[in-house]
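One-letter residues, chain by chain:
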Amino acid sequence: INQKDILKTANKLIPYIARLKQIKDEYTSDYSSDYPVDYPFDYPESSILMPLDKRILHTVYKLIKEKDTSKLQYMLIIGIGGSNLGTKAIYDALFGYYDAINPQRYPRLIFIDTIDSESLLHIQNILKNNITHINQVLINVISKSGHTTETIANFELIYAILLKKFSKKDILKRVIITTDYKSKLFYLGQKN
């Protein structure tokens, strides 16, 4: 690749970068239905507005205040692929890939993204041996579609393990669901 080819490609990006800037400048309050009907929220680029959305931020801060306790030791992120890879990349960058085995730092994130029996056995042992109070654990179930088989199966396993120690009501208070609006998982979360 030579400099001429690089400049040619870079010049093709100028209109796209200008469009992203226009989106950011025009829509600065919320990432919601208050925008004009023709605004393309179905485009992935619209996510650049999420950090500016006061409603989303309010919801996140409210959840933090409600769910973050002095006893919290483990946050279980249950999802597959893109549902937890971005969070895992940031977490690993901040705390290192082997943070989950560091006995000195809490809370820790544990990513449950496989149905591998050996991995799940280790997680089961952590829950059985280390969790004595429900506020020590927080579960975030993530499925954009709301019906990812591995995610649902892993959640059911974690739920069954915790149900041997705690009440259904107490467990469900420690669950956060991240999914598309009106997905099967959305309705399950609303119901519970």
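The preceding data block contains the structure.
Residues numbered from 1 in each chain as written. Predicted model: local features only at pLDDT ≥ 70, side-chain atom pairs only at ≥ 80, totals over all residues. Heavy atoms only, no water.

A. Highlighting the nonpolar core. By size, the foremost hydrophobic cluster in this structure holds 22 residues, and its most contacted members are Leu76, Ile112, Leu127, Val137, Ile139, Ile158 and Leu162. The element contributing the most residues to this core is helix α5 (residues 149-163), with 5 residues. The residues contacting Val137, other than those within four sequence positions of it, are Leu72, Tyr74, Leu76, Leu127, Ile131, Leu162 and Arg174. Counting 9 residues, the second-largest nonpolar core is a separate cluster that includes Met75, Tyr91, Leu109 and Ile142. (Core = buried A, V, L, I, M, F, W, Y, C linked by side-chain atoms within 4.5 Å. Buried < 20%, exposed > 50% of the residue type's maximum accessible area, 1.4 Å probe, protein only. Helix = DSSP H or I, 4+ residues; strand = E, 2+ residues; numbered from the N terminus. Contact = heavy atoms within 4.5 Å.)

B. Structural detail: a nonpolar patch on the surface. A contiguous nonpolar surface patch, about 360 Å² in accessible area, is contributed by Leu57, Val60, Tyr61 and Ile64. Its place among the elements puts Tyr61 in helix α2 (residues 54-67). (Patch = residues over 30% accessible without salt bridge, like charges linked within 9 Å, V, L, I, M, F, W, Y side chains within 5 Å. Areas by Shrake-Rupley, 256 points an atom, 1.4 Å probe, with all protein chains shown as cover. Salt bridge = Lys/Arg side-chain N within 4 Å of Asp/Glu carboxyl O.)

C. Just the pattern of salt bridges, in detail. Per the counting criterion, the structure on display carries 3 salt bridges. The partner of Asp92 in a salt bridge is Lys88, with the nearest N and O atoms 2.9 Å apart. In this pair, Asp92 and Lys88 are both assigned in helix α3 (residues 82-95), 4 residues apart and thus about one turn of the helix distant. Both residues of the pair, Asp92 and Lys88, count as buried. The partner of Lys144 in a salt bridge is Asp180, and the shortest N-O contact between them spans 3.1 Å. Of the two residues, Lys144 is situated in the loop between β3 (137-143) and α5 and Asp180 in the loop between β4 (175-179) and α7 (184-191); the sequence distance between them amounts to 36 residues. Classification of Lys144 as exposed rests on a relative accessible area of 56%.

D. Quick peek at unusual backbone geometry. For the bond from Tyr106 to Pro107, the omega torsion is -5 degrees, close enough to zero to count as cis. Among the structural elements, Pro107 can be located in the loop between α3 and β2 (108-112). Although it is not a glycine, Lys182 sits at a positive phi angle of roughly 70 degrees. For Lys182, the position within the fold is in the loop between β4 and α7.

E. Highlighting the side chain of Asn84. Within the secondary structure layout, Asn84 lies in helix α3. Once residues within four sequence positions are removed from consideration, Asn84 is found in contact with Ile77, Gly79, Phe111, Ile112 and Asp113.

F. A look at the packing of helix α4 (residues 117-130) against α5. Remark: α4 packs on α5, axes separated minimally by 10 Å, with the N-to-C direction vectors making an angle of 30 degrees. Considering their axes alone, α4 and α5 lie roughly parallel with respect to each other. You can see that α4 and α5 cross each other, and the crossing is right-handed. Listed contacts from α5 to Leu120, Ile123, Gln124, Leu127 and Lys128 of α4 are Asn154, Leu157, Ile158, Ile161 and Leu162. For the contact of α4 with α5, the class distribution of residues is 7 nonpolar, 2 polar and 1 charged. (Axes fitted to C-alpha atoms, helices over the stretch in contact; angles between N-to-C directions. Parallel < 35°, antiparallel > 145°, perpendicular 65-115°, else oblique. Left-handed = near helix turned anticlockwise from the far one by under 90°. Nonpolar A, V, L, I, M, F, W, Y, C, P; charged D, E, K, R; others polar.)

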